[in-house]
Amino acid sequence: IGAFVILAAGVFTFFPAFLGLFDYPWYISLCWLWFGIGVFFFVVGCLYETIGLQPAGRWHNAKAREAEEGEGAAPTPYVMINA
């Protein structure tokens, strides 16, 4: 989400910086504010993923992890029945 907000702030900053449109101080301040919010979300999101704070939830594959830690026995082979 943070990268998207940073990108959107950059797109909105393009107009006063290069085209001379919306060259109001409050508009530029809002662009900087949204850029700061995006950087905050981006940094917090990276730290959240790096440190591993996400809880085990719906998409957590606990069964696959248990199988890796288990006996490691091969599955029963399939036998073709001739008719």
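For the structure, see preceding data.
Residues numbered from 1 in each chain as written. Predicted model: local features only at pLDDT ≥ 70, side-chain atom pairs only at ≥ 80, totals over all residues. Heavy atoms only, no water.

Draft legend 1. Inspection of the overall build of the chain at higher detail. The secondary structure content of the chain amounts to three helices and zero strands. Taken from N to C terminus, the helices and strands of the chain fall in the order α-α-α. Per-residue burial for the chain yields a buried fraction of 8% across its 83 residues. By element, 70% of the accessible surface of the chain is carried by carbon and sulfur atoms, the whole surface being about 7600 Å². (Helix = DSSP H or I, 4+ residues; strand = E, 2+ residues; numbered from the N terminus. Buried < 20%, exposed > 50% of the residue type's maximum accessible area, 1.4 Å probe, protein only. Areas by Shrake-Rupley, 256 points an atom, 1.4 Å probe, with all protein chains shown as cover.)

Draft legend 2. View of the packing of aromatic side chains. For the structure on display, the rule yields eight aromatic pairs. Between Phe14 and Phe15 the ring centres are 6.1 Å apart and the planes differ by 75°, which places this aromatic pair in the edge-to-face class. Aromatic pair Trp32 and Phe35: ring centres 5.8 Å apart, planes at 90°, arrangement edge-to-face. Remark: Phe35 and Trp32 occur in helix H2 (residues 25-51); sequence separation between them is three residues, near one turn of the helix. The class for Phe35 is partly exposed, based on a relative accessible area of 35%. (Phe/Tyr/Trp six-rings, centres within 6.5 Å; stacked < 30°, edge-to-face > 60°.)

Draft legend 3. The arrangement of H2 in detail. With 27 residues, H2 extends 39 Å from end C-alpha to end C-alpha; this agrees with the ideal 39 Å at 1.5 Å per step. Those residues of H2 that fall on the buried side of the exposure criterion are Tyr27, Cys31 and Gly38. Against helix H1 (2-19) lie the buried residues of H2. Immediately downstream of H2, the backbone of Gly52 shows phi near 85°, a positive value. (Expected span 1.5 Å × (residues − 1). Contact = heavy atoms within 4.5 Å.)

Draft legend 4. Geometry of H1. For H1, with 18 residues, the first-to-last C-alpha span of 26 Å sits near the 26 Å given by 1.5 Å per residue. Within H1, the axis deviates most sharply at Thr13, by approximately 35°, and proline Pro16 lies no more than four positions further along. Among the residues making up H1, those that are buried are Gly2, Val5, Ala9 and Pro16. Against H2 lie the buried residues of H1. One or two positions beyond H1, positive phi appears at Gly20, with a value near 80°. (Bend = angle between axes of the 7 residues up to and from the residue.)

Draft legend 5. Focus on a nonpolar patch on the surface. A contiguous nonpolar patch, built from Phe14, Phe18, Leu19, Leu21, Phe22, Tyr24, Trp26, Leu30, Leu33 and Trp34 and spanning about 1100 Å² of accessible area, is present on the exposed surface. Broken down by secondary-structure element, the contributors of at least two residues to the nonpolar patch are H1 and H2. Considering each element in turn, the nonpolar patch owes the most residues, four residues, to H2. Structurally, Trp34 is set in helix H2. (Patch = residues over 30% accessible without salt bridge, like charges linked within 9 Å, V, L, I, M, F, W, Y side chains within 5 Å. Salt bridge = Lys/Arg side-chain N within 4 Å of Asp/Glu carboxyl O.)

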